[in-house]
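Chains, contacts and geometry: an overview
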Amino acid sequence: DNDTAMTDDIIKSINKTTKSIKDLSNLPNEQGIYAFYIDSTNDLGKFGKPGQLIYVGLSEKNLNSRDTETHLKTGQTGWSTLRRSIGAILKAKLKLTTQKRDINPKKLRADKYKFDEKGEIKLTEWMMKNLKMGYWSTSKPLTKDKLRSEEEKAIIKLKPTLDLDRRTKKFNPLAIELDDLREICRQEVKNNNK
């Protein structure tokens, strides 16, 4: 079936290209799907043993772009669900303090929290040291719907532990627990902005 074939190619490519994120350079200037893995730490406990795949995402325009970079950039947690999840899991260990994303928000979006400056730096350092990433890219861009559909199929097959995507969250046995950890962060933002 042609449909599974593409998903299988995507997964093969992700596995083949996986390397430590500090060694990642020059990602293709093409649309694609990427995955983050735990390299060699037990810090994430049940959410990520060494070698475990934790997150799948897509880049509609270009892997070598903001989409992928946002996850790895200090100060960008408010725009990266991957950073928010890892930060929520490591909150106590790294002594992270949550804050609102925008200085003067029109609406306090506690769900889009980030960490204080020191915390953002610690989180980035942790990610640089402990994550690997692999990807699949295509020179023949897919429609947004097709790309999202392939991402969904990859998530269902690969079972990333930090998946909170509305479409696939129901397949993640850790989703509720992860959401509870993120809720602690959201509450901290609310309590500090009363």
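For every chain, the first residue of the written sequence is number 1, and numbering continues from 1 along that sequence. Only residues with pLDDT of at least 70 get local features here, since the model is predicted, and only at 80 or more are side-chain atom pairs given and counted; chain-wide, interface and lining totals rely on the full set of residues. Computation of side-chain values: all heavy atoms of the structure, hydrogens and water removed.

Some thoughts on the overall build of the protein
What the protein contains, in helices and strands, is six helices and six strands. When the helices and strands of the protein are listed from N to C terminus, the series reads α-β-β-β-α-α-β-β-α-β-α-α. The C-alpha radius of gyration of the protein comes to 17 Å, within 12% of the 16 Å expected for a compact globule of 194 residues. Across the protein, contacts joining residues at least 24 apart in sequence account for 68% of those joining residues at least 6 apart. Once the 40 positive and 28 negative side-chain charges of the protein are each reduced to a mean point, those two points are 3 Å apart. For the purposes of this entry, the term helix denotes a DSSP run of H or I that reaches at least four residues, the term strand denotes a run of E that reaches at least two, and both are numbered from the N terminus. Each radius of gyration is computed over the set of C-alpha atoms, and the globule rule expresses the reference value as 2.2 Å times the number of residues to the power 0.38. Contacts: residue pairs with any heavy atoms within 4.5 Å of one another. Only four residue types enter the charge count, namely Lys and Arg as positive and Asp and Glu as negative; His and the chain termini do not. A single reference atom marks each charge: NZ on Lys, CZ on Arg, CG on Asp, CD on Glu.

A closer look at the pattern of salt bridges
Basic side-chain nitrogens of Lys or Arg form a salt bridge, by our definition, when they fall within 4 Å of a carboxyl oxygen of Asp or Glu. Under the definition given, this model contains 13 salt bridges. In this structure, the salt-bridge partner of Lys157 is Asp8, at a minimum N-O distance of 2.9 Å. Of this pair, Lys157 sits in helix 5 (residues 144–158) while Asp8 is found in helix 1 (residues 2–17), placing the two residues 149 residues apart along the sequence. The partner of Lys91 in a salt bridge is Glu188, with the nearest N and O atoms 3.0 Å apart. Of this pair, Lys91 sits in the loop between helix 3 (81–90) and strand 4 (98–99) while Glu188 is found in helix 6 (residues 175–192), placing the two residues 97 residues apart along the sequence.

Some words on helix 3
A large share of helix 3 lies buried, amounting to nine of its 10 residues. To sort residues, take the accessible area from a 1.4 Å probe on protein chains only and compare it with the maximum for the residue type: under 20% means buried, over 50% means exposed, and anything in between is partly exposed. Buried residues of helix 3: Leu82, Arg83, Arg84, Ser85, Ile86, Gly87, Ala88, Ile89 and Leu90, and no others.

Concerning the nonpolar core
Among buried residues, the Ala, Val, Leu, Ile, Met, Phe, Trp, Tyr and Cys ones that are joined through side-chain atoms within 4.5 Å form a nonpolar core. Counting 35 residues, the largest nonpolar core has Phe36, Leu44, Ile54, Ile86, Trp126, Met127 and Leu131 as its most contacted members. Among the elements of the structure, strand 2 (31–38), strand 3 (53–59), helix 3, helix 4 (117–130), strand 6 (131–138) and helix 6 are those that each provide at least two residues to this core. Looking at this core, the element that brings in the most residues is helix 3, giving five residues. Grouped together as the second largest cluster of nonpolar side chains are 15 residues, Ile10, Ile33, Val56 and Trp136 included.

Description of the packing of helix 3 against helix 6
In the contact formed by helix 3 and helix 6, the axes pass within 9 Å of each other and the chain directions differ by 85 degrees. The orientation of helix 3 relative to helix 6 falls into the category roughly perpendicular. Within the contact between the two elements, helix 3 uses Thr81, Arg84, Ser85, Ala88 and Ile89 and helix 6 uses Leu178, Leu181, Arg182 and Cys185. Tallied by class, residues from the contact of helix 3 with helix 6 come to five nonpolar, two polar and two charged. An axis is simply a line fitted to the C-alpha atoms; with a helix, the fit covers only the stretch in contact. Between two such axes, the angle follows the N-to-C directions and lies from 0 to 180 degrees. Put simply, angles under 35 degrees are roughly parallel, angles over 145 are roughly antiparallel, angles from 65 to 115 are roughly perpendicular, and the rest are oblique. Classification convention: Asp, Glu, Lys, Arg as charged; Ala, Val, Leu, Ile, Met, Phe, Trp, Tyr, Cys, Pro as nonpolar; all other residues, Gly among them, as polar.

Comments concerning the sheet that holds strand 3
With respect to topology, four strands assemble into an open sheet ordered 1-6-2-3, the strand pairing being antiparallel. A single partner strand is all that each edge strand has here, and the edge strands are strand 1 (19–20) and strand 3. Following DSSP output, two strands are said to pair if at least two bridges run between them. Note that strand 2 and strand 3 share six bridges and pair antiparallel. Within the sheet, the bridge partner assigned to Tyr37 lies in strand 3 and is Leu53. Here helix 3 sits on the sheet in contact with strand 2, strand 3 and strand 6, set at roughly 160 degrees to strand 3. Packed on one face of the sheet, helix 4 meets strand 2 and strand 6 and runs near 75 degrees to strand 6.

Digging into the packing of helix 3 against helix 4
The contact between helix 3 and helix 4 brings their axes to 11 Å, and the two run at 100 degrees. Between helix 3 and helix 4, the angle is such that the two are roughly perpendicular. Two secondary-structure elements touch here, helix 3 through Leu82, Arg83, Ile86, Gly87 and Leu90 and helix 4 through Glu120, Leu123, Thr124, Trp126 and Met127. Here the contact of helix 3 with helix 4 is built from residues that sort into six nonpolar, two polar and two charged.

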